[in-house]
Amino acid sequence: MPTDAAVLTLAQWFSPSFPVGSFAYSHGLEWAVQAGDVADAAQTQDWIDTVLRHGAGWNDCLFIAASYRADDAGTVDATARAFAASAERLRETDLQGAAFATAVANLTGAPATPRTYPVAVGEAARNAGLPLELTVKMYLHSLTSNLAGAAMRLVPLGQSDGQAIIRALTPAAQDIATRACAASLDDLTATAFATDIASMKHETQYSRIFRT
């Protein structure tokens, strides 16, 4: 069972107050809303569910697990960069990873190594002796919350709808995390093509409030 200290450490890492800047990224959702692909709570939930199961959510879990188990996460990081579907996605994971690694280094006194976000998380969790599966679950919950938060502003959705989406997707996040921790980088796959295209379209979107 995870200790209280482990739970609270992960809660700090994935809280909005941690200097990762997740609130600045919509993961392509901003363009999808403008294009009319996401216009209500049901479509928002479907969009986020697709990201979790078939897109960056699943692959990020694999990268966390692989970097957690690796003696040197450099190769895992290179693979994570190669799997970024667009320039925006690469910039998003790169900037978030650097911010996360720096924040953890400031807390622990260890040197900060620039990594993509999931690789930085896996490496930090291993160094801190945190349980892998709980780390992955908390990461996915944070991703879900960030995307739902973006949708609340963009669609727009009310607070009740946004929180209901997070609650409805919690079992999916738990299942994905459990399966990913038993998998390997051989299981990398992505079929969330609409979300990838949205991130590409967002690069040239005329008016936007999110960085991706």
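Remember, predicted model here, so these are calculated numbers, not experimental data. (Residues numbered from 1 in each chain as written. Predicted model: local features only at pLDDT ≥ 70, side-chain atom pairs only at ≥ 80, totals over all residues. Heavy atoms only, no water.)

**Brief notes about the overall build of the protein chain**
Next, step 1: Helix and strand counts for the protein chain stand at 10 helices and zero strands.
Next, step 2: Sequence-ordered secondary structure for the protein chain, helices as α and strands as β, is α-α-α-α-α-α-α-α-α-α.
Next, step 3: Here the protein chain has a C-alpha radius of gyration of 16 Å; the compact-globule value for 212 residues is 17 Å, and the two agree.
Next, step 4: Residue pairs at least 24 apart in sequence account for 79% of intrachain contacts in the protein chain once pairs closer than 6 positions are excluded.
Next, step 5: Carbon and sulfur atoms provide 54% of the accessible area of the protein chain, an area that totals close to 9,800 Å².
Next, step 6: Distance between charge centres in the protein chain, computed from 14 positive and 21 negative side chains, equals 3 Å. (Helix = DSSP H or I, 4+ residues; strand = E, 2+ residues; numbered from the N terminus. Rg over C-alpha atoms; globule rule 2.2 N^0.38 Å. Contact = heavy atoms within 4.5 Å. Areas by Shrake-Rupley, 256 points an atom, 1.4 Å probe, with all protein chains shown as cover. Lys, Arg positive; Asp, Glu negative; His and termini not counted. Charge placed at Lys NZ, Arg CZ, Asp CG, Glu CD.)

**Brief notes about the confidence of the model for the protein chain**
Next, step 1: When pLDDT is averaged along the protein chain, the result is 94, and 100% of the positions lie at 70 or above.
Next, step 2: Looking over the protein chain, one finds the lowest element-wise mean pLDDT in helix α10 (residues 193–202), namely 91, and the highest in helix α4 (residues 56–69), namely 98. (pLDDT = per-residue confidence, 0-100.)

**A short note on the nonpolar core**
Next, step 1: One finds Trp13, Leu29, Phe100 and Leu140 to be the most contacted residues of the largest nonpolar core, which totals 61 residues.
Next, step 2: Here the element with the most residues in this core is helix α8 (residues 132–154); it accounts for 11 residues.
Next, step 3: Excluding residues within four positions of it along the chain, leucine 29 makes contact with Val38, Trp47, Leu147, Ala150, Ala151 and Leu154. (Core = buried A, V, L, I, M, F, W, Y, C linked by side-chain atoms within 4.5 Å. Buried < 20%, exposed > 50% of the residue type's maximum accessible area, 1.4 Å probe, protein only.)

**Comments concerning unusual backbone geometry**
Next, step 1: At the junction of valine 155 and proline 156, the peptide bond is cis and its omega measures out at -5° in the coordinates.
Next, step 2: Structurally, proline 156 can be placed in the loop between α8 and α9 (159–181).
Next, step 3: The residue histidine 27 is not glycine, and still its phi comes out positive at about 65°.
Next, step 4: When its relative accessible area of 7% is taken as the criterion, histidine 27 is described as buried.

**A short note on the pattern of salt bridges**
Next, step 1: In the structure shown here, the tally under the stated rule is 10 salt bridges.
Next, step 2: A salt bridge links aspartate 72 to arginine 115, with the nearest nitrogen and oxygen atoms 3.9 Å apart. With aspartate 72 in the loop between α4 and α5 (74–82) and arginine 115 in the loop between α6 (87–108) and α7 (117–128), this pair connects stretches of sequence that are 43 residues apart.
Next, step 3: Each member of the salt-bridge network shares a partner with another, and the members are Asp72, Arg115 and Glu123. (Salt bridge = Lys/Arg side-chain N within 4 Å of Asp/Glu carboxyl O.)

**Structural notes on the packing of aromatic side chains**
Next, step 1: For the structure on display, the rule yields six aromatic pairs.
Next, step 2: Relative to tyrosine 117, the ring of phenylalanine 100 lies with its centre 5.8 Å away and its plane at 65°, an arrangement referred to as edge-to-face. One end of the pair, phenylalanine 100, is in helix α6; the other, tyrosine 117, is in helix α7, and 17 residues separate them in sequence.
Next, step 3: Phenylalanine 100 sits in the buried class, given a relative accessible area of 0%. (Phe/Tyr/Trp six-rings, centres within 6.5 Å; stacked < 30°, edge-to-face > 60°.)

**Some details on helix α1 (residues 4–13)**
Three- or four-residue spacings in an α-helix give side chains the same orientation, since the helix completes a turn every 3.6 residues.
Next, step 1: Among the residues making up α1, those that are buried are Ala6, Leu10 and Trp13. In a view along the axis of α1, the buried residues occupy a sector of 55°, so they form one face of it. Residues of α1 that are exposed and point over 90 degrees away from its buried face: Asp4, Ala5 and Leu8.
Next, step 2: Among the structural elements, α6, α7 and α8 are those in contact with the buried residues of α1. (Arc of directions from axis to C-beta.)

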